[in-house]
Structure formats: C-alpha cells, structure tokens
Amino acid sequence: MRGDSILEKIQIKNMRSLSDTGLISLSPITLLVGENSSGKSTFLRTFPLIKQSICKRTDGPLLWAGDIDDYVDFGSFSETVTNDGSDEIVFRFKFSTKFKANSNRQPDHIDYSITIVSQDNREYVSKVCIYLNQTKFDFILDPTSSSNEIRIDEVSVFKSEKRKEELIFGVEDILLRDKKSIFDFDISFIRKEISLIFEEFIEKHINFPYVYVISVLSLIGQGLCKNMSLEEISKIKPKDAKSRDIILPILENIIKKLNDMEPLQKEQFVLRFKLKFFYEIFSQIEAYLETYFRNVHYIAPLRATAERYYRLRNLAIDEVDYQGKNMAIFLNSMLPNRLKKFQEWTLKYFGFKVVVNKNEGHLSIKIALQSDENAVNLVNLSDTGFGYSQILPIITQLWDLSTSRKTFKQKEVPLVIAIEQPELHLHPSLQAKLSEVFIASIRLAKKHGYKLQLLLETHSETIVNYFGRAIARDNLKSEDISVILFDKDMNTKHTIIQTSKFDKDGYLLNWPIGFFAPRSEE
C-alpha cells in the first residue's frame, strides 16, 4: 500500500448487548460515553480482542479468553454472542488507501466484513464480504453443506466442495492471512481464459515484456471494480510515461475484443477481470488490517498500584503494558536523551517530572515537582496517592508512541491507543490537563509524520467539556473529535447508539438533556 489511509468506520453485530452498532466513524479522538453496562467497554475492547487474536496461534477465529499476559477476557463465543437467539457475530471495517496496483491517483475504498458462527462447539468463518470500490465480493463457507463459493455482485463465479473437517480454520482467518483459507480457490482457469485475449498480440510481439500485460490487466480490473465502462477505461492514461506508449495499444486491443464478444461471454470476462484484480490486491488488504490491529495499544481502567521498589532486571521492553506494571523497567530502559525529553513533557503539562533511582538491585520511581528545580526533594510514587500512579502509564504511553515508531513502521496506517476510564482517581483539574495532553499527542504524532487515533471510554463530564472549550479556543478542530453515546433499551437489553459532534463554537450537537444526570425515578 502507499499514500495516506485510515480505518474510517467500524460496525459490530451480535456481540453482548451490541446487537448492531451501525457504522461508527472513528476520528482522531473518539469519545465513548454512557452509563455502566451500556456496551461502550465491549465496543472499545473489540480492538485489543482482535490484537490478541492475531498475535497468537489458536484453534478458533478469535481468542476470546487469553492468558494472564493478554488484554481482555470475553469468556467464549457463547458468552459473547447476543442473547436473543443470534448465532453469528459480525465485524465490519471501512477504510480507503492506494494499493501498489493502483493505476491512477484516486484511492481505493474498502468495505470488509467477516461473519463468525459456532456449530458443534467449533467456530467457523462462515462468510467474508468485501466491497472493492463499487464491486461486491462474497466468499461463502457453509459448514452444513460442506461447500464454499465466490460471488461477484451476487453472481456466482465459483463453487467448490470440501470435506467438513477441512473447513475448520484458526485465528489467521479473522484477518484471512492463512493462504489455505477460503480464498485459496484454484483460479488458474481464469488466468488461462484471460490469456487467450493476449495470444494474438503476443504472437506478433515475441519479445514483448509480460509485465505490461499485468499492468493492463490491473488497469482494466480496477476500472471495472469502480463500475467504469470499457470506454471510460480506454481513456485512462497510465502515470508512467515511458510505458504509456506500449500499454495504450494493448489496452485498446483488449477492449475491442471484449466489445466484440457476445453479451453473456462479455459479462463472464468482466467478472473474471474483477476477480483477478481482487486477488492481486487482496494481500494488501490483509496487510492493512493486520498492521492496524497488531499496533493497537490498550490501557485498562485499573492501572497497577505504585510499588515502593521494583526489582532491577536486565530486561529491555518496547512499551508500557496495558496495566502499567512494567513502568519502572520501561522508564529505566529509556535512553538518557529520551528520558530528558519525557521529563520536559511532564513538566510542561503536569508540573512534575519522573526520576528513576537505582539502588542495590532495585528501582524506584520518584516524583519531583516543578518548584524543585534541582529535583532534591523527591517523593516516592507510592507516597503520592492514586492520581500520579494512575495517570503515569497513560501519559508515558502517549508520549512514547507519539514520538517513536520503532515498532510501527508503516506510516500510512494510523496508530490506535484505546483507553478505558482515563479519569480514574484523578481530580477534575488533572482530568483537564490530561485532556490537553490528548490533544497535544495528536499534534505531536502529526509532527512526526503519522496519524494517531485515540479511543477514550469515559464517564467524565470534565473531559467532555474540556474538548468543547478547546474547540472554542481554536486548540482543536471540531472535525477531529466525535462523541458516541451508548444507552440501553430496558426492554430488549440491546444497546442504542447515537452520535454527537461539537460545532465550531465547541457546543455539542444532538446531546441528550440531562445525560450526566441521574435517571429520574418513575
């Protein structure tokens, strides 16, 4: 892939109380607000759930319940699927990007959904639906009939029968990285049929480079997937001027042959061109989703309580864990120059800096207030109360991930940090400062050449209001933040989701009156 891309929207169906979230837009800052048990934590934890699933080998599509070093525990499929007779869970992702096979400067739009079912205590990927621009590709796996099928725009183009025991897939199929999955159809017949179109041309040009044939196939396939007519495709000018004079005559020749075909034969070839282009870029779709979720960073609501001393070990770590248990080791692993910059960051926004002391095989984290310029009067983190110990893992993660991509090399894919209840144990003034740091992190990441997506699940009125004031003061753009409201239907127990946005003056639109007030007794 190349160019700037971002996961724009996500939809979840039949997961606990989330019977259908609809397509939820993801902004640089996305706030999830609502009462307890309204479904907002389920939504946020979907991100670390998929991450832990693709980072380990399992015997099912998703790792619902992990080990002690995993992020979230949903129990099992049966405990997670919506309790209303539903027998499938669906995840849907929408994003735009430019693939290597892209023949022009316009991005390709991807709408990717995957359906997971459970039968006989085994879980299966039963269907994958991918819209590539305006063309729909369905890959259907039916365990009951032991068959699979490819459909393009609802037209069946391939069917295959397999033994049922061959249809049990592992975690790779959640993002379809396994080449022996349902996408491993034998499409050699398509390549052979398409190559017939080139026979006459190649016979006349014995030394003709086949790479140009591939370029023409991609150009036609991509154009057809965008519902362009053959006439419109014939007018596309390849970007590479050197090869343009070679490609255009081939393109003209092939389009002429397609137009000379009988309608039914022409339709079949159109479908095959689409499928061939899809196969050409499918690995890039896989790579995007895998990279996106592999680089989700999660911070749990209950961060680790500060300890007076930490055992010093010869261990270097790349990031703070989701509970902040390895904070001392992480800070000790920082190079002096980075630690100094981090101290400047905390001094600027919070008025304190972090100092790591080593003593007889142990580490201790100490806090120096801004008034103590020489850091003489250090206070052990365990003596500062819950506030500092709860906020420190968050701001450390934010700063480190916003300034270094040592584990995240693909700049075209955004970096996601999902945080539950960042305000926990924080005074409102400290909550406001933390909100300021969220905004600063977005800017800092942009300065370093990439995008940051913050997913924040909060009960804090202070945090919500701070973002509104930041917009009013032109410190944040209204389009950079969205608010997702979670409520629960008391009859069906299903989550009701509404969206809210700040206007340019920092006022919330579509905001329910009394949202933060107690429900009135009937």
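Residues numbered from 1 in each chain as written. Predicted model: local features only at pLDDT ≥ 70, side-chain atom pairs only at ≥ 80, totals over all residues. Heavy atoms only, no water.

Here we come to helix α10 (residues 386-403). A rise of 1.5 Å per residue sets the reference length of α10, with its 18 residues, at 26 Å; its end C-alpha atoms lie 27 Å apart and thus fit the reference within 8%. Largest kink in α10: about 30°, centred on Leu392, with the proline Pro393 one to four residues after it. Burial runs high along α10: 16 of the 18 residues are buried. (Helix = DSSP H or I, 4+ residues; strand = E, 2+ residues; numbered from the N terminus. Expected span 1.5 Å × (residues − 1). Bend = angle between axes of the 7 residues up to and from the residue. Buried < 20%, exposed > 50% of the residue type's maximum accessible area, 1.4 Å probe, protein only.)

What follows covers the pattern of salt bridges. All told, the structure shown has 13 salt bridges when counted by the stated rule. Close ionic contact of Arg151 with Glu149 constitutes a salt bridge, the shortest N to O distance being 3.3 Å. Under the relative-accessibility criterion, Arg151 is labelled partly exposed at 28%. Judged by relative accessible area, Glu149 falls into the buried class, the value being 11%. For the salt bridge of Arg294 with Glu290, the shortest nitrogen-to-oxygen distance reads 3.1 Å. Here Arg294 and its partner Glu290 are both found in helix α7 (residues 263-294), 4 residues apart, which amounts to about one turn of the helix. A relative accessible area of 34% places Arg294 in the partly exposed class. Overlapping salt bridges bring together Lys136, Asp138 and Glu154 as one network. (Salt bridge = Lys/Arg side-chain N within 4 Å of Asp/Glu carboxyl O.)

What follows deals with the side chain of Gln11. Secondary-structure assignment places Gln11 in strand β1 (residues 2-15). Among the polar contacts listed, one links the side chain of Gln11 to the side chain of Asp20, at a separation of 2.8 Å. (Polar contact = N/O pair within 3.5 Å; in protein donor to acceptor, adjacent residues only side chain to side chain.)

With that settled, the discussion passes to the nonpolar core. Formed by 62 residues in total, the largest nonpolar core has its most connected members in Ile29 and Phe467. The element contributing the most residues to this core is helix α11 (residues 428-447), with 10 residues. The residues touching Phe467, leaving out its near neighbours within four places in the chain, are Ile29, Leu31, Ser435, Phe438, Ile439, Leu456, Leu476, Ile481 and Phe502. If you look at the next biggest cluster of nonpolar residues, it comprises 61 residues, including Phe43, Leu49, Ile130 and Leu132. (Core = buried A, V, L, I, M, F, W, Y, C linked by side-chain atoms within 4.5 Å. Contact = heavy atoms within 4.5 Å.)

Its identity is not glycine, yet Arg16 carries a phi of approximately 55°, on the positive side. Position of Arg16 relative to the elements: it lies in the loop between β1 and β2 (18-20). A positive phi angle, near 70°, is found at Lys493, a position not held by glycine. Tracing the backbone shows Lys493 in the loop between β18 (481-488) and β19 (495-502).

Side-chain positions along a regular strand alternate between the two faces of the sheet. Of all 6 residues that make up strand β17 (residues 452-457), 6 are buried, and the element is covered over most of its length. Burial along β17 is two-sided: Leu452, Leu454 and Leu456 and Gln453, Leu455 and Glu457, pointing in opposite directions, are all buried. Across 4 bridges, the pairing between strand β4 (residues 29-34) and β17 is parallel. When the bridges of β17 are listed, Leu31 appears paired with Leu456. Relative to β17, strand β16 (residues 415-420) runs parallel, the two being bridged by 6 bridges. Looking across to β17, one finds that Ile419 is bridged to Leu456. Following the backbone out of β16, through α11 and into the adjacent parallel β17, one traces a crossover that is right-handed. (Pairing = 2+ DSSP bridges. Right-handed = clockwise from strand over helix to strand, strands pointing away.)

Attention shifts here to the packing of α10 against α11. The geometry of α10 relative to α11 is characterised by a closest axis approach of 9 Å and an angle of 15° between their N-to-C directions. With respect to their mutual orientation, α10 and α11 come out roughly parallel. Along this stretch, α10 crosses α11, giving a crossing that reads as left-handed. Listed contacts from α11 to Ile391, Ile394, Ile395, Leu398, Trp399, Ser402 and Thr403 of α10 are Leu430, Leu434, Val437, Phe438, Ser441, Leu444 and Ala445. Classifying every residue of the contact of α10 with α11 by side-chain character gives 11 nonpolar, 3 polar and no charged. (Axes fitted to C-alpha atoms, helices over the stretch in contact; angles between N-to-C directions. Parallel < 35°, antiparallel > 145°, perpendicular 65-115°, else oblique. Left-handed = near helix turned anticlockwise from the far one by under 90°. Nonpolar A, V, L, I, M, F, W, Y, C, P; charged D, E, K, R; others polar.)

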